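What the coordinates show
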Amino acid sequence: MSKSLEEISRSRRMLQNPYAHLDGNGAYSALHQSGTLTPQSLSKQIKESRRLLEDPYAYLDSGGDFSALPSRAQHKSVRKRGRHSNADIEQKAQELQRLIWAKRKQIWGDSIPANPIDMLDPSIALELLGYDFTLEETLGHYHENGRLVEVAGLIDNYTKRVRISGQFSDSVRAFTAAHELGHALLHEARGLHRDRPLDGTKLSRDIAEMEADKFATNYLMPRKLVRDRFVSHFGTASFIFDEDTVFELVQKSLAEFSRKYKTLRDLSRLLAGAEYFNGCRFISLATQFCVSVEAMAIRLEELELLVV
């Protein structure tokens, strides 16, 4: 029988270390207060605590304790609110994409899009699932954390209606619609729900919202399709920045380039928005997939398409 959450929390308070965790022998280990907590060490602690707590959904909460599902009996109700795995979310996105492909003749008749990216319009998927989808001039405002926010999207699972505001850019509208599509597939009993403007670049702290964002990312930027287009433009699925590739990309020396592009995100943004490489011009990946440069940059990093 593994240690309870209460025991872990109590031992952390006694050790005066919020990162104390159970080790493989059932004893408590902790970083010294002067130690440095790295993302890698924290990830290992979370994985070990999940194993010992027999709960794959345990997570490090804001108090430094590992929170988990209260019991297996409550698992079903929690799943309604969220906690789908990333693999499960990606699989659901892929299943919906395959369904659209299988029904392409029924959806488009003799006007089937030649470009597969055009089949990823979230409105098509929502209507296929039986939702009434409309683009509105505005959806009004609401208060969030003391500020007025314009509503970008509305979904009502009970009446099966989705509304998207036309007050935002194409990329925000597309991501918001795909986000609502994620809610439609992942979170059944939500009723009326409204969303702020979304473009896939800011992480929500709410689990269900994070899952809807993850679904939108996988739906709008499918792993295989993004990889294929990346390879088509840059000739590799592992872009390395050296003298040759940098010159082919921005016609600068590696030294000049390195002074301007210093971080992984700088480099991924460059590739996400690039319209020229090795003498060839093309539409940027961000524009092709109708997402922001930042959202595509994050996706390129997730897919490990550049090497630094």
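Structure report, in brief. (Residues numbered from 1 in each chain as written. Predicted model: local features only at pLDDT ≥ 70, side-chain atom pairs only at ≥ 80, totals over all residues. Heavy atoms only, no water.)

With that settled, the discussion passes to the overall build of the protein chain. Counting its regular elements, the protein chain contains 14 helices and 14 strands. Here the protein chain holds 308 residues, and the buried ones make up 43% of them. For the protein chain, long-range pairs separated by at least 24 residues make up 61% of all intrachain contacts whose partners lie at least 6 apart in sequence. Surface exposure of the protein chain reaches about 17100 Å², of which carbon and sulfur atoms provide 50%. (Helix = DSSP H or I, 4+ residues; strand = E, 2+ residues; numbered from the N terminus. Buried < 20%, exposed > 50% of the residue type's maximum accessible area, 1.4 Å probe, protein only. Contact = heavy atoms within 4.5 Å. Areas by Shrake-Rupley, 256 points an atom, 1.4 Å probe, with all protein chains shown as cover.)

With respect to the element layout, histidine 179 can be found in helix H7 (residues 170-186). Judged by its relative accessible area of 1%, histidine 179 falls in the buried class. In this structure the side chain of histidine 179 is engaged in a polar contact, spanning 3.3 Å, whose partner is the side chain of aspartate 195. A polar atom in the side chain of histidine 179 sits 2.7 Å from the side chain of aspartate 213. Discounting residues that sit within four places of it in the chain, histidine 179 has contacts with Asp195, Leu198, Glu209, Ala212, Asp213 and Ala216. (Polar contact = N/O pair within 3.5 Å; in protein donor to acceptor, adjacent residues only side chain to side chain.)

Here is the key point about a regular strand: its side chains alternate between the two faces of the sheet. Of the two faces of strand S10 (residues 192-195), the one lined by His193 and Asp195 is fully buried and the one lined by Leu192 and Arg194 carries no buried residue. Across four bridges, the pairing between strand S8 (residues 153-156) and S10 is antiparallel. Bridging from a neighbouring strand, aspartate 156 pairs with leucine 192 of S10. (Pairing = 2+ DSSP bridges.)

A few words on the pattern of salt bridges. Counting across every chain of the model gives twelve salt bridges. Put simply, lysine 105 and aspartate 110 hold a salt bridge, and the shortest N to O gap is 2.8 Å. The same class applies to lysine 105 as to aspartate 110, namely exposed. Among the ionic pairs, arginine 265 bridges to glutamate 301, the shortest N-O distance being 2.6 Å. Note that arginine 265 is positioned in helix H12 (residues 264-273) and glutamate 301 in helix H14 (residues 293-302), a separation of 36 residues in sequence. (Salt bridge = Lys/Arg side-chain N within 4 Å of Asp/Glu carboxyl O.)

This part takes up the nonpolar core. Within the largest apolar cluster, 57 residues are counted, with the highest numbers of intra-cluster contacts made by Tyr219, Phe234, Leu249, Met296 and Leu300. Setting aside its immediate chain neighbours within four residues, phenylalanine 234 contacts Phe239, Leu249, Leu271, Ala274, Phe277, Phe282 and Leu285. (Core = buried A, V, L, I, M, F, W, Y, C linked by side-chain atoms within 4.5 Å.)

Below, the discussion takes up H7. Given a rise of 1.5 Å per residue, 17 residues ought to cover 24 Å, and the 24 Å separating the end C-alpha atoms of H7 matches this to within 8%. In terms of burial, H7 is largely enclosed, as 14 of its 17 residues are buried. (Expected span 1.5 Å × (residues − 1).)

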